[in-house]
Each structure stands twice: as C-alpha cells, then as structure tokens.
Amino acid sequence: MQKWEKVTMKLTALATIAMTLAGCSTAKSNGSSQGNNPGKTIKIGVNMELSGSAAGYGEQEKEGIQLAVNQINQNGGIKVGKTKKKIQLVIRDNKTSNTTAASVAAQLVNNDKVVAVVGPAATNAGTASIPNMTKAKVPSVSPSATDPDYTLQKNGSVQKYIFRACYQNNFQGSSAAKFVTKTLKAKRVAILTDNSSDYGTGLTKAFKKTYTGTIASSQTFQEGDKDFNAILTALKHKQIDAIYAPGYYSELGLIIKQARQAGIKVPIVGSDGMADAKLTKIAGKTNANNIYYTTPFSTKSGTTNTTAAKFLRAFKAKYHTTAPTFSALAYDSVYMIKAAIEKTGSANSVKIANGLASLKNFKGVTGTITMNKQHNPEKSIVVEKLTNGSVKKTYNVK
Amino acid sequence: MQTIGQQFINGLSLGSIYALLALGYTMVYGIIKLINFAHGDIYMLGAFWGYYVINQLHFNFILAMLSAMLFCALVGVVIEYFAYRPLRHSPRITALITAIGVSFLLENGMSYLFTANTRSFPQVIKTVTYHVAGLRISNIQLLILGSACFLMLLLELIIKRTKMGKAMRAVAVDPTAAQLVGINLNHTISFTFALGSAMAGAAGVLIGLYYNSIDPLMGMTPGIKAFVAAVIGGIGSIPGASLGGFIIGILETGVQAIGLSAYKDAVVYFVLIVILLVMPAGIFGKHTKEKV
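What you are looking at is a predicted structure, and each value in this text was computed from that prediction instead of being measured. (Residues numbered from 1 in each chain as written. Chains lettered and ligands numbered in written order. Predicted model: local features only at pLDDT ≥ 70, side-chain atom pairs only at ≥ 80, totals over all residues. Heavy atoms only, no water.)

Student: Looking at this structure, I do not really get the environment of Ser250(A). What am I missing?
Tutor: Position of Ser250(A) relative to the elements: it lies in helix α8 (residues 249-261). The spacing of Ser250(A) and Met274(A) is 24 residues in sequence and 8.1 Å in space, taken between C-alpha atoms. Ignoring any residue separated from it by four or fewer positions in sequence, one finds Ser250(A) in contact with Tyr57(A), Ile282(A) and Thr118(B). Among the polar contacts made by the side chain of Ser250(A), one reaches the side chain of Glu251(A) at a distance of 3.4 Å. (Helix = DSSP H or I, 4+ residues; strand = E, 2+ residues; numbered from the N terminus. Contact = heavy atoms within 4.5 Å. Polar contact = N/O pair within 3.5 Å; in protein donor to acceptor, adjacent residues only side chain to side chain.)

Right under this line is the structure:
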C-alpha cells in the first residue's frame, strides 16, 4: 500500500511539473528550421477580440475573415505551386487582454502550427503578441492596429513578421487636417478625442501636427461614454468652424445626435472608425447631416471597385447587413495572405512573410494596396460626406 | 448664465439615472450588507429587454418600461436565490466576490449570446425640444426626470407605509430580532432585490430611449458611478442615494463644462475619497457605534 502511495506521489509531482512547464510555454524558436510548414491544409490562425471591450470590432472582423475563407475554399483553395490547398481556420479569443493575446499567439504558432495569423484587432493586444510571432517566424496581419509604431521595432527598423491592412494614424490624421483646412476652409476647430484608445489619441496627435488653423478647444471622452451634453453645451458658445472627432461609431453616433440636438450645426469630421451603417442608426437620420469622415473603403466604392462590389454583395447575402469597415479590412487581410502564398508559391510561414512584404498592386476591397518598407499598406484615402444619414458625396484628399 | 442653466439640466438628467441605480445598491446593502456589483448589469438587462419587446412585440413605451421592471425584478430575485442566498452566513468578502462573478457572467453571457455589438434603441417616443427662457430641454429629459422622481417617491412610500417596507426596515436593523417577531427573512430579502432590480430595469429602458445606444457592457461604468453615489449619500440611506446620484451627475457635468473632460472620472473618485475621509458614513449615513 505504501509503495503504491509513493508511486502516486511521484506521478503527481511529475504531472505537476509537466503542467507548470506547459503553462509557461512561449514560442519555441525551432533552431535552424524555417518557421511553420503547412500540412494537408493551410492553417491560418485568428487571434481576435471576441469577448471583452473590443468584442464589437472583433466580431465584425471574424465575419469578414470567415466570408473570405469560405469563398476561397469554395473555389478549391489556395494554389501552392501545382496543387490547391484548402484553408483551415483556427479561431481563438484573446478576450481583449494583452497577456491573453500573447498566449493565444504562442498557442497558434506552437500547438496549432498555423502558417499565418490574422489579428489582433487592437494595437495593444497586437504589440503584446509580436515577440511570440517573431520567435516562431510566423507572419501576422492585423486588420485594424493603427498605431504608427506597431510594425516597427524600438530602434525604428521594421518588425519582420508584423503587417497591417489598415492605415497608420499619421497618414489618416494628417489627411483629415488637410481636408479640414483646404476643403472645409475651417479656421477654428474643436477636437473631441476618444482618450481610451491609441487610435483616437494617435489620430489627434497627427491632426494637430498638420492642422494650421486655431484649435479652439481640445476635449476627450472615454470608450463607452454615453453623455456628451456637457462638453457640447460648452462648445456651443465657442466660435468654431468644425469639430474633429476621431473615434468609433458607437460614441461618435451619440456625439452627432447630441450635438445636433443641442443646436451645433458645424461640420463634424471623423475617421474610418465611423464608417459603419450603425452610425446613422444611433445618431438618427435627421441628425446625420454635414458629417465627414476619412475612410479607405466606403459602401459607395462598389461603383468604382469591382472587388468591393462583389464583397458587399456576398456579405449582405451571408449576414443580411451592410458590411462594416472592420469586416472589409479583415476580409482583405485573408486575401493578402492568399496573394502572398500564390506569389511565392509556398505556404511556408517565412515565405508568406516575404510575400506580404513585397505585395504590390493587390486589388483589395479597401483599395489597391502596395506594402511599403514599414509594412504599412499604401492605398488611397477618401472623405465621405453624410447627408440625411447616407453617403451623398465623396472627396479625394491629395 | 444660460450655459450654466443648460449644464444644470444636463447634470440633472444624468444624475437621475445614477440616482435610480444607486437606490438598488443602497437598499441591498442596507439589508444584507452586500455590495451587489451585478446591479449595473441588471440595468443592462433592462435596456435589452426594452429593446426586444419594442422591436419584436411592438410594445409601447410605458408597457416596455413596466415589463422591463417586472423582468428585472425577477432576474434580481433569481440571482439572489442562486448566487447570494447560499452564502448568507459566509464572510462578507465571499459574497462580494460572488457578486463580481455574477456581474462578469451577465456581461460576457450577453456578449456571447447576442454579440457585443452596439445596438440602436428603437425610438418609440419622438424627441421634441422645448425652448424655455433660452434653455433647451427635450421631452425625453423631462420624462427621465419625471419617472425618476416618481419612482423614488413610490419607493419611499413602499418602505415607509407598507407592511413589507416595515419588514425591510426591521431586517436592516437586526435580522435575528426581526425573525423572532415573525418576519420571513428570505421573503423580505427577495422583495428588496426585486424592488432594487425593478428600479435598475426602469433606468435601463430610460437610458436606452435617451441615448439610443445599448450594448452588453453598458452597465459597467454607470454601475460603479452609482455605487460611488450611494457611498457619498451614505450607503444604506434611501434619500442619500438619490441625493448622491444627483451630486455625481452635476459634478461630472460641471467638470466637463469647464473644459476638464479628461478628468471627469478622476474628480468623481476624488470626491469619493474626500467624503470617505471627512464623513466616512456619507452625507446621510448614521454613525452607529458597535455594541459589545
């Protein structure tokens, strides 16, 4: 009996040690071997905010990813050399937490052996997963991490395995400033910033740098805020020509609604986080007037861009709603990986990274994309104008 | 002057929501000394209930609000029965942690079942803005203020004038003695939860209508602010909770009005710290000495 107990003890101790070691698994660099290789299928990981505060955006991106993968698989898969291989998605939730994002990245590259990852949606979670992605030499494409430094190392050189499908903040913020100065001819601007994300603060920083007029007032709000009456009442008695408010549609819809109800009629200019049909629903049709936002992709772009038209139709058929920007960006992320695989003729993760880095004239939903040296996609930017809740006019920003 | 008046109206409408929520915290704390952190999420459930009955069953506003109150009351009782009742005799910290757990369950459960997207609340009442002496006030703001005041008065009447209210007050003073004189402890506590949750449900529908935007995490921040309001007013005190709610609402509005929007939450918590240092029992709190 005692012997049996001893054996059990030993086994338990061993198991405990094994479990502890498993718990702190990070990405192992597998020495000389070069990244992950595909099996019968091409495994693509999704490291996404499916619960927690950014779940709204994560869900939309997941829908875009699934639509893209379904389409590719229906057409037989991705052409690797001479054979066609189907995509297998491995979707994992990072719970909008930086530490979870890092461990999800490790799981995807080590256990699931994916050859590329789409996500995370937010810059912070994305940055946290960079070390594990780099160690395993697996590329990741974030649909919506906009911080300029996201794809760069501390010393300014590029992160070899980190890409994004969206604009970086400096570009978008300065484009908005140019638009406000040249097209709207606004001399005095009030700024309302979403202070709870790098997205909002980054855009404001870039805007302030480029804008030449006077900034009459600079206020901030938090994600999830619902009451902006106090700020807006204070703004009403200031002399302003326009409001610049970079943020997401959930808060911006409320700002527009409350501003118009308070009698503020000046143009409100925002960013691509606003490009969502829900903006008008929250703001109300009669309030959504004289609203502008910078965006790579618009529901109007279907008229000029055939890829976008196809995407919009397919999205509507599958989810019965107009495609939001985040879904479009995520959809493009998957197709960018596909283009990289087909270009290099290999689904080895390192080769995919090389393919992504040299992506040229890729026809995406959000525009024609060329990857620059800092792994930022170069694509045109447009400003859309909302009149009575629908896009009536688009401007090109030079 | 006009701006100040306008900001005051803004503060009052925000404050009345905090006040409605704070009532739930304060009542539950008064009776079983539990800070029910799931309270903010019951408010979220109320808003979602309103959203579904108006969209699917085409209820009118009054009916939606009443049914949301009923639904939330039920949810409150169920939560109390399954989560808090088994822990009635365990240390307070256990119940507190359970409350946080219930809060997470409701938030993430709703995100999982109905997605975390922000929804626009159906506008069953058209917004009309009145101009009175240069001030703008909308019919929805009046409705919120009116219903909040009406519900608070109703609550005060229930607690002061009914038999159940008397039982609630008795349990708050001494649960054991209350049982000795024939008060059913479980019924009274369930009733308290039902009452507090109904208030939260009403607040949820009102907020949905006012801001036109609801999501599964909408209860987090207002829940904490309402808790602060209850503490400032003196936790356990009903008039204190109402007053605390209005104080927080006006304070937040005031801070934003003078251009310090980045610090609005900081100021709220700063005031909480000051109140706790100067008047640990809150404005209306009673100083009770522990008897040996």
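The structure having been displayed, the exposition proceeds.
Student: In this structure, what is going on with the pattern of salt bridges? I would like to understand it.
Tutor: When charged atoms on two side chains of opposite charge get close, those side chains can pair. Following the criterion strictly, the structure yields nine salt bridges over all chains and no others. A salt bridge links Lys338(A) to Glu342(A); the nearest nitrogen and oxygen atoms lie 3.6 Å apart. One end of the pair, Lys338(A), and the other, Glu342(A), are both in helix α11 (residues 325-344), four residues apart, so they sit about a helical turn from each other. In this structure Glu342(A) comes out as partly exposed when scored by relative accessible area, which is 35%. If you follow the salt bridges from partner to partner, you end up with Glu80(B), Arg85(B) and Arg88(B) in one network. (Salt bridge = Lys/Arg side-chain N within 4 Å of Asp/Glu carboxyl O. Buried < 20%, exposed > 50% of the residue type's maximum accessible area, 1.4 Å probe, protein only.)

Student: Explanation requested: the packing of helix α5 (residues 139-161) of chain B against helix α6 (residues 163-173) of chain B in the structure shown.
Tutor: The packing of two helices is summarised by the inter-axis angle and the distance between the axes. Residues and elements named next belong to chain B. Axis separation between α5 and α6 bottoms out at 5 Å; the angle between their running directions is 80 degrees. In terms of orientation, α5 and α6 fall into the roughly perpendicular class. Contacts between α5 and α6 involve Ile-158, Ile-159, Lys-160 and Arg-161 from the first element and Lys-163, Gly-165, Lys-166, Met-168 and Arg-169 from the second. In the contact of α5 with α6, the residues fall into three nonpolar, one polar and five charged. (Axes fitted to C-alpha atoms, helices over the stretch in contact; angles between N-to-C directions. Parallel < 35°, antiparallel > 145°, perpendicular 65-115°, else oblique. Nonpolar A, V, L, I, M, F, W, Y, C, P; charged D, E, K, R; others polar.)

Student: I'm lost on the interface of chain B and chain A in this one. Help?
Tutor: Many descriptions give the size of an interface as the accessible area lost when the pieces come together. Between chain B and chain A, the contact holds 31 residues from the first and 31 residues from the second. Buried surface at the junction of chain B and chain A, both sides included, amounts to about 2,500 Å², of which 48% is carbon and sulfur. Our count for the contact surface shared by chain B and chain A stands at two salt bridges. The interface formed by chain B and chain A includes 16 residue pairs in polar contact (both at pLDDT 80 or more). Going through the elements one at a time, α1 (2-32), α8 (185-211), α10 (238-257) and α11 (264-278) of chain B are the ones with two or more residues in the side of chain B that touches chain A. It is α1(B) that contributes the most residues to the side of chain B that touches chain A, five residues altogether. Partitioning the side of chain B that touches chain A into residue classes produces 10 nonpolar, 17 polar and four charged. (Buried area = accessible area lost by both parts, 1.4 Å probe.)

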